[in-house]
Amino acid sequence: MKTLKDVAVGESAVVKRLQCTGPLKRRIMDMGLTKGTEVFVRKVAPLGDPLELTVRGYELSIRKAEAEAIEVEEK
Amino acid sequence: MSLKIALAGNPNCGKTTLFNNLTGGNEYVGNWPGVTVEKKNGDLKGYKDIVLQDLPGIYSLSPYTLEEVVTRQYLVDERPDAIINIVDGTNIERNLYLTTQLLELNIPMVIALNMMDLVTKNGDEIDIEKLAKALGCEVMPISALEGNGCKELAAKAVSLAQEKKVGEHPHVFTGAVEHAIAHIEESIQEKVDSQVLRWFAVKLFERDEKALEKLALPKEITEHLEKHVVECENELEDDSESIITNQRYAYVKKVTEQAVRKKQREGNLTLSDKIDKVVTNRVLALPIFAVVIWFMYWISVSTIGTWLTDWANDGVFGDGWHFAFTADSALFTAKEVKERNAAALKEFEARKAAALKAGEKFEEEFEPETWESVSGAFDDAQKRIETWQAAYTKAYEEKHPAAEGENKEEEEFEVQDTELAKTVKATAIFEDEESGEIDHEEEVTYEQYLEDKKVEEPNPSLYGLWIPGVPSIIGGLLDKIGIHDGSFLYSLIINGIVAGVGTVFGFLPQILIVFLFLAFMEDCGYMARVAFIMDRIFRRFGLSGKSFIPMLVGTGCGVPAVMATRTIENLNDRRMTILLATFIPCGAKVAIIAMIVAAFFPGSNLVGPSMYFVGIAIVVFGGIALKKTKTFAGEAAPFVMELPAYHWPSLKGVFIHTWERGKAYAIKAGTIIFAACIVLYFLMSFDWHFHLLDPETAEGLEQCMLHDIGQAFAWIFKPLGFGNWQGTVACVSAEIAKEQATATLAMLAPDVDGGTLKGVQTLFAQMAPANLEPATQALYAKIIAFSFMVCNLFFPPCLVAIATTWREMGSAKWGCIAIGFQLMVGYIIALFSYQFGVMLFAGAGVGAGQIIAILVLLAVLYFIFRPMPKFEEVKK
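Residues numbered from 1 in each chain as written. Chains lettered and ligands numbered in written order. Predicted model: local features only at pLDDT ≥ 70, side-chain atom pairs only at ≥ 80, totals over all residues. Heavy atoms only, no water.

A. Just the nonpolar core, in detail. Residue and element names in this part refer to chain B. Grouped together as the largest cluster of nonpolar side chains are 113 residues, with contacts concentrated most on Leu580 and Phe764. Take this core: its biggest share by element is twelve residues, from helix 38 (residues 812-841). Discounting chain neighbours no more than four positions away, the residues touching Phe764 are Ile596, Phe600, Leu745, Ala781, Ile784, Ala785 and Phe788. (Core = buried A, V, L, I, M, F, W, Y, C linked by side-chain atoms within 4.5 Å. Buried < 20%, exposed > 50% of the residue type's maximum accessible area, 1.4 Å probe, protein only. Helix = DSSP H or I, 4+ residues; strand = E, 2+ residues; numbered from the N terminus. Contact = heavy atoms within 4.5 Å.)

Written out as structure tokens, the structure reads:
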């Protein structure tokens, strides 16, 4: 099972399923990371965490811990 | 009845700019009831009786964050007459997601499609009509930054509010979901107002806790609803919350595909992308960050900020000040000074010519009479006079034992014994103002004394455009209306009220500078990157990446540091940062460090810096320990944050932002400080019979109420080594302003030869247990002084900072938690310093004090290193 954390910088993936629940899940979905959304991993912060993503045409930052809860598949 | 129009939209979409544009900057800032979320409203410019209500920037109307809950409550319960939904045209997909939720509220709404100038510049096209038709609501293209289209937008919103015209609901959800929602609507229509029926139906479908709580439906209805929801969930193979969110986004995608045509941009980066590539680059990010922070620190703490604070404290609320660079400028120097200088120059030139003629060396340089030279000369003369008078009084009392105390009682000092006076010599010690170290010494004879007595206090208005300080202006006014210096009312107004207000406004200029930087960094988009860069470090001890800035500002002053936490959105992170930021030693605390180091650890370059490391250690371990408490453990803040596109902020916006926060500080902190200063003034200026004393003398301090209160609480400080009234009063006075501790110590120190520092050394030596060898006693004095220093450094900050903390925490409970925690930390560290200090260095052995200290140490270690406890009920 591949998660968003495993996607290399400069690669894209499609959201398959969210494994988290409650407020975190809602927050991730509210920010536009819903099933079937294409995500581009833009870069990693200088100290190795968090990640910078491009979703729905804007820049979003999430921690690796949260990225691990987002199951993805190849485009 | 006035109309209410609400302004709603995502964060970073130009909402504040639009708000300022529509109201013309006249607004009322407050808090939403019970929470620390800012509430702002203003009158719509150009209309009568129309209030524009700014709502917090939110991404969704979900029930989780404070901002979302506040917005929902307002929209559902107070129901504004119209909504202006501001949508960022460059980021339309995510922005319209909120729009689909706002449309369900059945409130007349107009969409303000912002940043249209940027959209056009990027080469994209948005079909306004198609968009309006698909969403069933008016869409107005605007540019809030340039002010385009704002007037038309206001007119449209007003007419919608008057007509109460609601558009048709767009078909956001698919058949199965609409079917379930229709069933829910049917079951609750008796309980809910028809206006908000659809809104509640959708929320109930999502199993929204807040909505369920509010409706308090009977059990049979909730069970019936649950059946429909589960049916739909089974059909679509997902949970109801995800179904709704997914379908909203799917709908928005469909709409934007029809109405928005994006220019293909393969490899062609926007300016914002290019900036971001450099600024958060893996290699360059940290150096750039360091330079930005250094620059901010340099301006707001090291240079301009300090100048302004000194000007405000010593000039405006002190004796007075020379207007902007007019001190000693040719234009404003009085004629008589110019004439004196011209004469002196003439004389100097003549001497020079004579010397050269005689073939002598002449190395003197002409020094004209300036404000700096005359005021310096006057201060030096005063110091010599004081020193000599003290020496004379001592000699006089030795010669005439019967006359002891005679001279003291008299108002004016008088030399009765000229023969004796001629033999009296004293050593005046000049100390460096900043460090308290001895600068140089001078011997003062009777002749010198008589010479110095002739030095008149210079008149500052002769040397530039002199503006008297507020105390002297008000003092002058009081004098005119018959309230004279020395009377109770005069003293209360000048030393109590004016001085109290002065401490609040003294910090204002520096605070405004810090806010200016913060507003600029926030508005241009860099603040989000600060969090992005620093998150890794700070979240380890329970803080946010944005906590870095308050901590840094804290090295200058704790008050702007606490105010700077306003940039942290998450409430828990923000509270924790407020709690910890003031442990970083501020500029005023440096005065305490300087004095103790100069008196007890001269030449040590270890003690000073180590205080900063202790401060940082408290932040780190305090954060770790607090994160494991029930209060802070509850909601682990997810870090899901938008990184907004960089843009050059509007200057007006930055200034308004700065001004609002500055005003909030002055009003909120001001009222508390004001009251506290008057109370403290009373306690310091009166004895129990309400006789007015002079709190600037040791005699005054010994008789005042504060002394007796200090005496009563001295036992608290016994375990820390300085449990006498002097130590207690110094600690309490440090709460007025931290640097006050040094002044109080100097005041209370016994009068011994060798200046203030010697006196302070003696004072602390007196606090050591009796019957010690002189060498051990000196060692004890050192340890007690160190303990006193750390106690003052890590106790709650000064009153202004406490008041600010109190207000920013938003509730009395949190204010008490903050002060309690800070009292505890300061006490514990001082306890360790004293008890372990005397055990390790002064051979005190292990007594009751040490055992208690060890137990406390174990408890502290437990709270830091215990595994994360589980708090089940909090999660619920």
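B. View of the domain arrangement of chain B. Residues and elements named next belong to chain B. Split by domain assignment, chain B resolves into domain 1 (3-163), domain 2 (175-261) and domain 3 (335-462). One C-alpha centre belongs to domain 1, the other to domain 2; they are set 24 Å apart. The interface is formed by 26 residues belonging to domain 1 together with 25 residues belonging to domain 2. Contact with domain 2 buries area across many residues of domain 1, yet Glu93, Tyr97 and Glu104 alone supply 27% of it, more than any other trio. Linking domain 1 to domain 2 there are five salt bridges. For Glu93, the salt bridge goes to Lys253, with nearest N and O atoms at 4.0 Å. Here domain 1 is connected to domain 2 by nine residue pairs in polar contact (both at pLDDT 80 or more). (Domains from an automatic or database assignment. Buried area = accessible area lost by both parts, 1.4 Å probe. Salt bridge = Lys/Arg side-chain N within 4 Å of Asp/Glu carboxyl O. Polar contact = N/O pair within 3.5 Å; in protein donor to acceptor, adjacent residues only side chain to side chain.)

C. Expanded view of the side chain of Asp81(B). Relative to the assigned elements, Asp81(B) resides in the loop between helix 2 (66-78) and strand 5 (82-88). With residues up to four places along the chain from it excluded, the contact list for Asp81(B) reads Ser2(B), Leu3(B), Lys4(B), Ile107(B), Pro108(B), Ala161(B) and Lys164(B).

D. Geometry of the pattern of salt bridges. Residues and elements named next belong to chain B. On inspection of all chains with the given rule, the structure shows 44 salt bridges over all chains. Here Lys219 and Glu223 are joined by a salt bridge, their closest N and O atoms 3.9 Å apart. With Lys219 and Glu223 both in helix 10 (residues 219-236) and four residues apart, the pair spans about one turn of that helix. Judged by relative accessible area, Glu223 falls into the partly exposed class, the value being 49%. With a shortest N-O distance of 3.6 Å, Glu336 and Arg340 are connected by a salt bridge. Highlighted residues: Glu336 and Arg340, both in helix 15 (residues 335-357), separated by four residues, approximately one helical turn. Taking the relative accessible area as the measure of exposure, Glu336 reaches 41% and is therefore partly exposed.

E. Summary view of the interface of chain B and chain A. Taken together, the contacts link 41 residues of chain B with 32 residues of chain A. Between chain B and chain A, roughly 3500 Å² of surface is buried when both sides are summed, and carbon and sulfur atoms account for 54% of that area. By the criterion of area lost to chain A, the three top residues of chain B are Arg282(B), Phe532(B) and Val640(B), representing 19% of everything that side buries. Our count for the chain B to chain A interface comes out at ten salt bridges. The shortest N-O distance in the salt bridge between Arg42(A) and Asp276(B) comes to 4.0 Å. Our count for the chain B to chain A interface comes out at 17 residue pairs in polar contact (both at pLDDT 80 or more). Broken down by secondary-structure element, the contributors of at least two residues to the side of chain B that touches chain A are helix 3 (92-103), helix 11 (240-259), helix 12 (271-279), helix 13 (285-302), helix 23 (526-538) and strand 14 (640-642) of chain B. A total of six residues in the side of chain B that touches chain A trace back to one element, the largest contributor, which is helix 11 of chain B. The pairing of strand 4 (residues 58-62) of chain A with strand 14 of chain B spans three bridges and is antiparallel. From the neighbouring strand, Ser61(A) faces strand 14 of chain B, where its bridge partner is Met641(B). (Pairing = 2+ DSSP bridges.)

F. Representation of the environment of Lys121(B). Within the fold, Lys121(B) resides in helix 4 (residues 116-121). Once the C-alpha coordinates of Lys121(B) and Val316(B) are considered, the two residues, 195 residues apart in sequence, prove to be 49 Å apart.

G. Seen up close, the packing of aromatic side chains. All names here are of chain B. Counted under the stated rule, the structure contains 25 aromatic pairs over all chains. Residues Trp371 and Trp466 carry aromatic rings whose centres are separated by 6.0 Å and whose planes lie at 55° to one another, so their mutual orientation is tilted. Of the two residues, Trp371 sits in helix 16 (residues 371-399) while Trp466 sits in strand 13 (residues 466-468), which places them 95 residues apart along the sequence. With a centroid separation of 6.3 Å and an interplanar angle of 20°, the aromatic rings of Tyr446 and Tyr449 are classed as stacked. Here the residue Tyr446 and the residue Tyr449 both occupy positions in helix 19 (residues 446-453), the gap between them amounting to three residues, near one helical turn. As far as burial versus exposure is concerned, Tyr446 and Tyr449 are alike and both buried. An aromatic cluster of three or more residues is present, and its members are Phe600, Phe717, Phe722, Phe764, Phe788 and Phe795. (Phe/Tyr/Trp six-rings, centres within 6.5 Å; stacked < 30°, edge-to-face > 60°.)

H. Geometry of the sheet that holds strand 4 of chain A. If you trace the six strands from one edge of the open sheet to the other, you get 5(A)-1(A)-2(A)-3(A)-4(A)-14(B), paired in antiparallel fashion. Strands with a single pairing partner mark the edges of an open sheet, and in this sheet they are strand 5 (70-73) of chain A together with strand 14 of chain B. Each strand of the sheet is rotated relative to its neighbour by a mean of 40°, with strand direction disregarded. Of the strands in this sheet, strand 2 (38-44), strand 3 (51-55) and strand 4 of chain A together with strand 14 of chain B are in contact with helix 23 of chain B, which crosses strand 14 of chain B at around 145°. (Axes fitted to C-alpha atoms, helices over the stretch in contact; angles between N-to-C directions.)

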